Amino acid sequence: QLHFVESGGGLVQPGGSLRLSCEVSGNIFTIYAMGWYRQAPGKERELVAVITDGGGTKYADSVKGRLTISRDNAKNMVFLQMNNLKPEDTAVYYCNLPNWSGGAWRSGDYWGQGTQVTVSS
């Protein structure tokens, strides 16, 4: 079983910045990809960004150029630097260990509590 502890969310004005952190613990053998998902009220959870163990990244079109994913392999941590935030970025953000399957990233089975990001003036 895996455990995820997300932190760093909060209330920020449009154009502001936040840095999210997530620590992964538990029955870890090898971590390939680490990712961030988000879920806004009334919407399905969506993939925001993924980073592989080799440092390759992929972003949702809506966040390209504003959000940057990074990881610390030694500490089993993943980060999300969020700049120029918009009201539509408001959501609960979750980290996850997705898998590449069938030509797409598929979320892993375990989730943390998430961290709330609210962008509002």
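Placed above this text is the structure.
Residues numbered from 1 in each chain as written. Predicted model: local features only at pLDDT ≥ 70, side-chain atom pairs only at ≥ 80, totals over all residues. Heavy atoms only, no water.

Caption draft 1: Up close: unusual backbone geometry. Even without being glycine, N76 reaches a positive phi, approximately 55°. Note that N76 resides in the loop between β7 (67–72) and β8 (77–82). Despite not being glycine, N84 shows a phi value in the positive range, around 50°. Within the secondary structure, N84 sits in the loop between β8 and β9 (91–96). (Helix = DSSP H or I, 4+ residues; strand = E, 2+ residues; numbered from the N terminus.)

Caption draft 2: Representation of the sheet that holds β9 in the model. On the basis of which strands lie adjacent, the open sheet formed by 6 strands has the order β2-β12-β9-β4-β5-β6 and mixed pairing. Only two strands of the sheet have a single neighbouring strand rather than two, namely β2 (10–12) and β6 (57–59). Averaged over neighbouring strand pairs, the angle between their axes works out to 25° when direction is ignored. (Pairing = 2+ DSSP bridges. Axes fitted to C-alpha atoms, helices over the stretch in contact; angles between N-to-C directions.)

Caption draft 3: Summary view of the packing of aromatic side chains. Counted according to the given criterion, the structure contains 4 aromatic pairs. Aromatic pair Y37 and W111: ring centres 5.2 Å apart, planes at 85°, arrangement edge-to-face. Remark: W111 occurs in the loop between β11 (104–106) and β12 (115–119) and Y37 occurs in strand β4 (residues 34–39); sequence separation between them is 74 residues. A relative accessible area of 6% places Y37 in the buried class. Exposure remark for W111: the relative accessible area of 29% places this residue in the partly exposed category. Centre to centre, the rings of Y94 and W111 are 5.9 Å apart; their planes meet at 80°, and the pair counts as edge-to-face. A residue pair is termed long-range when its members are at least 10 positions apart, and Y94 in strand β9 and W111 in the loop between β11 and β12 qualify at 17 residues. Judged by its relative accessible area of 11%, Y94 is buried. In this structure an aromatic cluster arises from ring pairing among Y32, W100 and W105. (Phe/Tyr/Trp six-rings, centres within 6.5 Å; stacked < 30°, edge-to-face > 60°. Buried < 20%, exposed > 50% of the residue type's maximum accessible area, 1.4 Å probe, protein only.)

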